[in-house]
Amino acid sequence: MNLTEFPTYEPGPFADNTTVEVRNEGLPSGRIRSALFDFDGTISLIRTGWQDIMIPMMVEILRDAGDEQTEDSLTLYIREYVDRLTGKQTIFQMMQLAEEVERLGGNALDPLDYKQIYNDRLMERIESRRNDLQSGARGPDDLMMPRTRELLDGLKARGVTLYLASGTDYVYVEEEAKLLEVDGYFDGGIYAALDRIEDFSKAMVIKQMFEEHELSGPELVSFGDGYVEILNTKEADGIAVGVASDEVGRVDVNEWKRNRLIQAGADIIIPGYQHQEALFDVLFGEGA
Ligand SMILES: [Mg+2]
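Reading the values: the criteria
- Residues numbered from 1 in each chain as written.
- Predicted model: local features only at pLDDT ≥ 70, side-chain atom pairs only at ≥ 80, totals over all residues.
- Helix = DSSP H or I, 4+ residues; strand = E, 2+ residues; numbered from the N terminus.
- Rg over C-alpha atoms; globule rule 2.2 N^0.38 Å.
- Buried ≥ 20, exposed ≤ 12 C-beta atoms within 10 Å, placed from the backbone.
- Contact = placed C-beta atoms within 7 Å.
- Domains from an automatic or database assignment.
- Nonpolar A, V, L, I, M, F, W, Y, C, P; charged D, E, K, R; others polar.
- Pairing = 2+ DSSP bridges.
- Axes fitted to C-alpha atoms, helices over the stretch in contact; angles between N-to-C directions.
- Right-handed = clockwise from strand over helix to strand, strands pointing away.
- Left-handed = near helix turned anticlockwise from the far one by under 90°.
- Core = buried A, V, L, I, M, F, W, Y, C linked by C-beta atoms within 7 Å.
- Parallel < 35°, antiparallel > 145°, perpendicular 65-115°, else oblique.

Visitor: Looking at this structure, I do not really get the overall build of the chain. What am I missing?
Guide: For the chain, the count of helices and strands is 10 helices and 7 strands. Against the compact-globule benchmark of 19 Å for 288 residues, the chain has a radius of gyration of 19 Å, which places it among compact chains. Dimensions of the chain along its principal axes, counting C-alpha atoms only, are 60 × 45 × 35 Å. A burial count over the chain gives 40% of its 288 residues as buried. Taking the intrachain contacts of the chain between residues at least 6 apart in sequence as the baseline, contacts between residues at least 24 apart amount to 70%.

Now the structure itself:
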């Protein structure tokens, strides 16, 4: 795998000396009526670190299947497709894994079985976070991107209908949105992975939003830290805000995410919602 397949981009320009990076200075502002949010890494930090469960699990499985690349190049290879499929349902990453195993001449498990192994391992990692929220040992804002609630309030105050869409299984998304006390914001609905894979995709949710509200492109804004939601939004001519969140420190830009989100066509890049006043200026044309 050649590193040059991951382009890097020079920073800027930034709005009003903030961290709001406006990649598309010609974006049509002031027309937004609906907003679509990704969940993990965009709002919720409950599942932070999922990549550190998924990628090593895949390294292990491909090693067993006979892959002989160095640890680094195998990890990078896996990371590329995991990343590219982030935002789709988890099962797609597991389907790719099964395909890689077959390619190596191994006997792949059913992708659903891989997903089960992954879910079990991830749950082990995040169980204490969910328990802490349930018991009240930690408050919801502890496990969210800072100032998320204010951002959602700000959008509501501007009459925007909010939607949530996630590639994580619906049961988890519903539960975790409740634990974070943000479920009530999404008057447009909460959409996530269902048992039948053909029943959900972010592209389908966007299509439905456009039909229900007779939206045209720049009346939709979407917020996401994954490749897929940005791509789907740009395909629909919506405004894409790439959230290049550092899910651990919660302040700085995650450069890996930033580059991938720009590559996918993000109009705006933010590390989080610290400078949401400037973000509102750009999106709603309130500044000038
Ligand atoms: Mg995400």
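Visitor: Help me understand the domain arrangement of the chain in this model?
Guide: A common way to express how large an interface is: the accessible area buried when the components associate. Domains assigned within the chain are domain 1 (13-45 + 144-284) and domain 2 (50-135). Placing the centre of domain 1 and that of domain 2 at their C-alpha centroids yields a distance of 25 Å. Of the residues lining the interface, 16 residues belong to domain 1; the matching set on domain 2 comes to 12 residues. Elements that contribute at least two residues to the side of domain 1 that touches domain 2 include exactly β3 (161-169) and α8 (227-235). Of the residues forming the side of domain 1 that touches domain 2, the biggest block, 3 residues, is contributed by α8. When its residues are assigned to classes, the side of domain 1 that touches domain 2 shows 6 nonpolar, 5 polar and 5 charged.

Visitor: Help me understand the sheet that holds β3 in this model?
Guide: Strand pairing in a sheet takes place through backbone hydrogen bonds and is either antiparallel or parallel in direction. One open sheet holds the 7 strands; their spatial order is β1-β7-β6-β5-β2-β3-β4, and the pairing between them is mixed. What marks the edges here is a single partner per strand, and that holds for β1 (21-22) and β4 (189-193). Bridge count between strand β2 (residues 34-37) and strand β5 (residues 220-224): 4 bridges; the pairing is parallel. Paired with A35 across the two strands is V221, which belongs to β5. Along the sheet, helix α6 (residues 170-179) contacts β3 and β4; its crossing angle with β3, the most-contacted strand, is approximately 130 degrees.

Visitor: Honestly, the environment of L62 in this entry has me stumped. Any pointers?
Guide: Considering the arrangement of structural elements, one finds L62 in helix α1 (residues 50-64). Taking the C-alpha atoms as reference points, L62 and F200, 138 residues apart in sequence, are found 28 Å from one another. Once residues lying within four places of it in the same chain are set aside, the contact partners of L62 are D67, L74, E100, V101 and L104.

Visitor: Can you help me understand the pairing of β2 in this one?
Guide: The side chains of a regular strand alternate, first on one face of the sheet and then on the other. Residues S34 and L36 line one face of β2 and the alternating positions A35 and F37 line the opposite face, and both faces are buried. Pairing of β2 with β3 involves 4 bridges; the strand directions are parallel. Across the sheet, L36 pairs through a bridge with Y163, a residue of β3.

Visitor: Help me out: how do you make sense of the pairing of strand β6 (residues 239-243) in this one?
Guide: Extensive coverage of β6 is indicated by the burial of 5 of its 5 residues. Here β5 pairs with β6 via 4 bridges, running parallel. If you follow F223 over to β6, its bridge partner there is V241. In this view, the connection linking β5 to its parallel neighbour β6 by way of α8 has right-handed handedness. With 3 bridges connecting them, β6 and strand β7 (residues 268-270) associate as parallel partners. When the sheet's bridge partners are listed, V243 is paired in β7 with I270. Crossover β6 to β7 through helix α9 (residues 255-264) is right-handed.

Visitor: In this structure, what is going on with the packing of helix α3 (residues 90-103) against helix α4 (residues 111-135)? I would like to understand it.
Guide: How two helices sit against one another is set out by the angle between their axes and by the gap between those axes. Axis separation between α3 and α4 bottoms out at 8 Å; the angle between their running directions is 115 degrees. Like other packed secondary-structure pairs, α3 and α4 cross with a definite hand, here right-handed. Seen from α3, the contacting residues are T90, I91, M94, M95, L97 and A98; seen from α4, they are P111, Y114, K115 and Y118. Tallied by class, residues from the contact of α3 with α4 come to 8 nonpolar, 1 polar and 1 charged.

Visitor: Just to check I follow, could you spell out the nonpolar core for this structure?
Guide: Grouped burial of nonpolar side chains is what soluble globular proteins tend to show. Counting 59 residues, the largest nonpolar core has A35, L36, F37, Y163 and V241 as the members making the most contacts within it. When sequence neighbours within four positions are dropped, the list of residues in contact with Y163 reads S34, A35, L36, F37, F186, G188, G189, Y191, V205 and M209. Counting residues in each nonpolar core, the second largest holds 15 residues, with I53, M54, I78 and V101 among its members.

Visitor: So what exactly am I meant to see when it comes to the packing of α1 against helix α2 (residues 71-84) here?
Guide: Where α1 meets α2, the closest approach of the two axes is 10 Å, and the angle between their N-to-C directions is 125 degrees. In terms of orientation, α1 lies oblique with respect to α2. As α1 packs across α2, the resulting crossing turns out to be right-handed. In contact with Q51, M54, I55, M58, V59 and L62 of α1, α2 contributes L74, T75, I78, R79 and V82. When grouped by side-chain class, the residues that make up the contact of α1 with α2 number 8 nonpolar, 2 polar and 1 charged.

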